[in-house]
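# Commentary on secondary and tertiary structure
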Amino acid sequence: MTTEKKKELMRLATHIRMDILTEVYSANSGHPGGSLSIADTLAYLYSEVLRVDPEKPACPDRDRFVLSKGHTAPALYAVLAERGFIPKEDLTGFRNINSYLQGHPDMKHTPGCDMTSGSLGLGISAAAGMALGAKIQGKDFRVYAMLGDGELAEGQVWEASMFSAHYKLDNLCAFVDWNGLQIDGRIVDVMNSTPIDKKFRAFGWYVQVINGHDFDEIEKAVGKAKKTKGKPSVIILKTVKGKGVSYMEDKASWHGAAPNEEQYKLGMAELNAALEAIDA
Amino acid sequence: MADKKATREAYGEALAEFGAKYDKLVVLDADLAGATKTATFKKAFPERHFDCGIAEGNMVSAAAGLSTTGLIPFASSFAMFLAGRAFEQIRNSIGYPHLNVKLGATHGGITVGEDGATHQCLEDFSVMRTIPGMTVICPADATETRAAVEAAINFVGPVYLRFGRAATPVLFDKETYKFEIGKGVVMADGADVTIAANGYMVDIALQARELLKNDGIDAAVLNIHTIKPLDNELILSYANKTGAIVTAEEHNIIGGLGSAVCEAVCAVAPVPVLRVGVNDQFGRSGKVPPLLEYYGLTAANIAENCKKAISLKK
């Protein structure tokens with residue numbers, strides 16, 4: 001990856017983080033922590049990987065992205081706005097009665113949103129169904145899905161994992177946002193889903209564990225997943241919940257809480273500084 | 001004696017028949033293909049049948065994903081494990097985004113028989129019809145099953161179809177029978193009371209009509225195969241015409257066809273409605289005839305309720 005490309009991705013990810021903060025602050029509600037932790041991966045996917053077109057968001061041959069951890073909708077809406085699927089000014093309507101931007105993704109009313117999600121465990125199954133649909137119809141689109149590490153406690157994730165390996169869905173690539181926190185605390189304390197890599201490997205997946213904030217590693221892992229034949233891929237992203245906003249980092253309390261005005265200004269100032277530092 | 005065939009049998013045959021006509025049709029099952037009869041489709045189209053193993057939640061959400069790629073998936077299991085176990089997946093993966101998935105639920109009702117209460121789903125009409133935009137159908141016989149399956153294929157949106165395990169009489173002629181989602185069928189006209197039934201209870205309602213004749217009572221029989229959207233027009237016209245209704249279904253009397261009919265008439269044509277069904281109980285093991293007797297799903301009990309309903313008329 002060239003330095004220029006990396007800077008471009010960093011700028012995009014930082015804009016996504018600013019949008020996330022703005023959405024949650026505007027709504028005075030929402031889930032910033034797990035949205036911020038996936039900003040880099042979403043920036044990379046929507047910039048470098050997904051074969052999608054904001055002019056034709058429902059194109060049948062497009063790649064799909066399913067946000068199985070649907071509560072991090074602010075991150076999805078942010079990247080959709082940054083890539084031109086939805087107007088950026090709509091983001092401040094997030095969770096508002098007059099807006100189409102629902103608290104959790106609604107595929108029927110949000111251009112570029114490929115699956116309704118929010119109830120944990122359901123999205124990965126839907127993604128597997130899409131991947132199977134591509135195989136049945138001989139289409140070459142790929143399906144990407146984002147799971148949370150807390151979400152792995154849902155039994156359906158493992159039903160879907162068995163199903164995806166059984167039907168050799170090598171056109172499916174799942175990510176696990178391994179930020180180590182869920183609403184009630186550390187995942188190892190609330191319900192220990194580790195070792196995540198060994199579980200997926202035992203279920204027949206091609207497993208990679210990477211730094212989810214490093215674009216070189218994301219690029220390499222997505223490339224390897226694309227080349228993997230005969231089995232689905234999972235990329236386990238070691239991330240920091242709340243990444244990029246100092247007071248939110250690695251704090252379970254920011255799973256589902258909105259910043260007040262002072263906190264919002266502080267967060268935006270930090271992100272602005274980060275943006276300036278990219279080109280410094 | 002009419003021919004007998006289980007509606008689940010007709011379901012499997014219909015899938016296999018229409019598989020040739022509709023190339024977007026794919027079928028999912030959860031390790032019950034032999035019992036739900038989707039195995040009949042699998043035999044004809046092995047490359048379009050996907051066993052999901054004993055994992056109904058994943059099957060339902062995967063069907064949702066499949067439908068977004070332009071395919072028309074039928075996902076099958078026993079009614080208990082579809083409408084029951086996978087209720088939340090049906091609501092959130094299929095109902096909320098209004099996806100084009102068909103749910104073929106077999107082994108509905110009490111006539112599951114020997115397997116008993118854990119497998120006798122008596123709540124599916126109730127929970128399925130509370131999902132906005134869901135169509136809920138329970139065909140009365142094998143002919144109507146075939147027609148309902150094709151109607152569901154051509155209907156864009158989620159459809160829940162309930163079939164039975166037991167062989168039941170064939171009531172309609174395959175060559176001439178016309179089926180329309182949401183349009184009830186007048187099986188017999190009548191003046192004194194209306195029996196609104198679905199599934200196997202349509203045949204039993206016709207038997208009740210014969211019993212009532214002996215007492216000089218002229219009962220109309222309606223086949224309300226679509227519980228949602230309900231044929232309000234037909235039900236209200238018979239409420240006005242006969243002044244009393246008895247509903248009959250293989251379902252808890254709470255929440256199913258009986259409740260739907262009450263909801264339809266209460267505001268605009270309030271007439272007595274008595275509900276024949278399983279009276280807020282779980283099922284139990286047994287052969288079909290004694291089970292029907294035990295729970296009062298009989299012609300005699302329907303006839304008795306008709307007389308009561310007539311006596312309640314103002």
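Criteria and thresholds
- Residues numbered from 1 in each chain as written.
- Chains lettered and ligands numbered in written order.
- Predicted model: local features only at pLDDT ≥ 70, side-chain atom pairs only at ≥ 80, totals over all residues.
- Domains from an automatic or database assignment.
- Contact = placed C-beta atoms within 7 Å.
- Helix = DSSP H or I, 4+ residues; strand = E, 2+ residues; numbered from the N terminus.
- Nonpolar A, V, L, I, M, F, W, Y, C, P; charged D, E, K, R; others polar.
- Pairing = 2+ DSSP bridges.
- Axes fitted to C-alpha atoms, helices over the stretch in contact; angles between N-to-C directions.
- Core = buried A, V, L, I, M, F, W, Y, C linked by C-beta atoms within 7 Å.
- Buried ≥ 20, exposed ≤ 12 C-beta atoms within 10 Å, placed from the backbone.

## Thoughts on the domain arrangement of chain B
Residues and elements named next belong to chain B. Each domain of chain B was delimited in the assignment, giving domain 1 (4-169) and domain 2 (185-307). Domain 1 puts 28 residues into the contact, and the matching count from domain 2 is 30 residues. Elements with a contribution of two residues or more to the side of domain 1 that touches domain 2: α7 (124-129), β6 (135-137), α8 (142-154) and β8 (167-169). When the residues that make up the side of domain 1 that touches domain 2 are grouped by side-chain class, the tally is 13 nonpolar, ten polar and five charged.

## A look at the sheet that holds strand β9 (residues 185-188) of chain B
Residues and elements named next belong to chain B. Across the sheet, five strands lie side by side as β9-β11-β10-β13-β14; this open sheet has mixed pairing. With partners counted over all chains shown, the strands left at the sheet margins are β9 and β14 (273-278), one partner each. Looking at each pair of strands side by side, their axes are set apart by 25° on average, direction ignored. One ladder, built from five bridges, connects strand β13 (residues 245-252) with β14; its direction is parallel. Residue pairing in the sheet places Ala248 in a bridge with Val276 of β14. Relative to strand β11 (residues 219-223), helix α9 (residues 201-214) is tilted by about 175°, and along the sheet it contacts β9, β10 (193-197), β11 and β13.

## With respect to the interface of chain B and chain A
With 24 residues of chain B at the interface, the matching set in chain A holds 23 residues. Of all the elements in the fold, those that place two or more residues in the side of chain B that touches chain A are α4 (56-67) and α6 (87-95) of chain B. By residue class, the composition of the side of chain B that touches chain A is eleven nonpolar, twelve polar and one charged.

## Overview of the nonpolar core
Residue and element names in this part refer to chain B. Core analysis: the largest hydrophobic core is formed by 193 residues, its most contacted members being Ile195, Ala205 and Ile302. Mapping this core onto the domain boundaries places at least three of its residues in each of domain 1 (4-169) and domain 2 (185-307). Setting aside residues no more than four positions away along its own chain, Ala205 makes contact with Ile195, Ala197, Val221, Ala248 and Ile302.

## Section: the environment of Arg85 of chain B
Residues and elements named next belong to chain B. Relative to the helices and strands, Arg85 is located in helix α5 (residues 79-85). Since 17 C-beta atoms lie within 10 Å of it, Arg85 is described here as partly exposed. Considering only alpha carbons, one finds Arg85 and Ala55, 30 residues apart in sequence, at a separation of 9.7 Å.

## Some words on helix α4 (residues 73-82) of chain A
Residues and elements named next belong to chain A. Burial analysis of α4 places ten of its ten residues in the buried class, which makes it a mostly covered element. Taken as a whole, α4 has its buried residues at Ala73, Pro74, Ala75, Leu76, Tyr77, Ala78, Val79, Leu80, Ala81 and Glu82. If you follow the buried residues of α4, they end up packed against α1 (3-27), α2 (33-36), α3 (39-49) and β1 (64-67). Looking one or two residues beyond α4, the residue adopting positive phi is Gly84, at roughly 90°.

## A few points about the sheet that holds strand β3 (residues 172-178) of chain A
All names here are of chain A. Sheet architecture is open: five strands sit in the order β1-β2-β3-β7-β6, paired in parallel fashion. This sheet does not close on itself; its edge strands, each paired only once, are β1 and β6 (206-211). This sheet shows a mean twist of 20° between the axes of neighbouring strands, independent of strand direction. Bridging between β1 and strand β2 (residues 143-148) involves four bridges; their strand directions are parallel.

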